[in-house]
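Listed below, chain by chain, are the residues.
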Amino acid sequence: MPAARRGRLTVWTAGSGRHRTGSGPAALHAVRLGYRHRGGRWVLWGCDLVVPAGEIVVLAGASGAGKSTLLRLAAGLSRPTTGWLTVVGAAPGSARARRGCAFVGQDAPLYPHFTVADTLRLGRELNRGWDDRAAHAVVRSAGIGPGDRVGALPPAARTRVALALALGKRPELLLLDEPLTGLDPAARRDLLAPVLADHARRGTTVLLSVRELSDVTEPAAAVGRAA
Ligand SMILES: Nc1ncnc2c1ncn2[C@@H]1O[C@H](COP(=O)(O)OP(=O)(O)OP(=O)(O)O)[C@@H](O)[C@H]1O
């Protein structure tokens, strides 16, 4: 489990390596990446990062370290001020990148008036190659009913619905921004389980941000023991 410092962010690589493609393009490649907010403040600079296809890579950093900034750049939601990055071999936000990536942001943006079934139906309509069984299994295994209204769900369950939407898309690269923050150990384990199962089954590359490495290493070990 090599860990390397990148400025104030720690990069930690996990995963079995079983699906690692080796000679193929990196799932994410950032070179001298920098981002400055409109107010003039740099929050990311000189960031070089390679996420090999088929790996799980964890970005650990305290609040304000720039984790969301990096993930939003990868998701194509903002543009670099300096440097460049590609995801699944394409520019973030391009049609190729949108097809190949799924992003679960911290605020899990979903339609609050939709039911869970409506939400997953929308996922099916918007995504070619949608895996309806996998998406429904992710919510069902957490006891979330198809008729539950998204806006009435507790935050952890909303994150789970967002994760179901992301995994239903069958992404090559799954970008997860602090989905474990604020959850107790059992809830962390429950949320990680479908991510690790998808990685094991399909070789999905995962880039996951956390505040502390132990937020992910402890529940991941518990999922491994239970498997
Ligand atoms: N719109 C903005 N304008 C100016 N500064 C901002 C803006 N959004 C975020 N920042 C600052 O950029 C820095 C990096 O923020 P970012 O959200 O990427 O960090 P983070 O590591 O994800 O933190 P957290 O764990 O709290 O989500 C922080 O200091 C934050 O205050």
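Rules and cut-offs
Residues numbered from 1 in each chain as written. Predicted model: local features only at pLDDT ≥ 70, side-chain atom pairs only at ≥ 80, totals over all residues. Axes fitted to C-alpha atoms, helices over the stretch in contact; angles between N-to-C directions. Helix = DSSP H or I, 4+ residues; strand = E, 2+ residues; numbered from the N terminus. Parallel < 35°, antiparallel > 145°, perpendicular 65-115°, else oblique. Left-handed = near helix turned anticlockwise from the far one by under 90°. Contact = placed C-beta atoms within 7 Å. Nonpolar A, V, L, I, M, F, W, Y, C, P; charged D, E, K, R; others polar. Buried ≥ 20, exposed ≤ 12 C-beta atoms within 10 Å, placed from the backbone. Pairing = 2+ DSSP bridges.

## Details of the packing of helix 3 (residues 116-126) against helix 5 (residues 155-168)
For the pair helix 3 and helix 5, interaxial distance at closest approach is 10 Å and the crossing angle is 25°. By the angle class used here, helix 3 and helix 5 are roughly parallel. By crossing handedness, the relation of helix 3 to helix 5 is classed as right-handed. Across from Val 116, Thr 119, Leu 120 and Gly 123 in helix 3, the residues of helix 5 making contact are Val 161, Ala 164, Leu 165 and Gly 168. Along the lines of polarity and charge, the residues of the contact of helix 3 with helix 5 split into five nonpolar, three polar and no charged.

## A short note on the environment of Ala 152
Of note, Ala 152 is situated in the loop between helix 4 (132-140) and helix 5. Residue Ala 152 is classed as exposed on the basis of its C-beta count, with 11 C-beta atoms lying within 10 Å. Expressed as a C-alpha distance, the spacing of Ala 152 and Ser 141, which sit eleven residues apart in the sequence, is 18 Å.

## Looking at the sheet that holds strand 4 (residues 42-51)
Reading across from one edge, 4-3-6 is the order of the three strands in this open sheet, with antiparallel pairing throughout. The two strands at the open ends of the sheet, each matched to only one other strand, are strand 4 and strand 6 (82-87). Strand after strand, the sheet turns through a mean of 20° between neighbouring axes, direction not considered. Judged from the five bridges that link them, strand 3 (residues 28-36) and strand 6 form a sheet pairing that is antiparallel. Each residue of the ladder has a partner; that of Gly 34, found in strand 6, is Thr 82.

In short, geometric facts, not functional conclusions.
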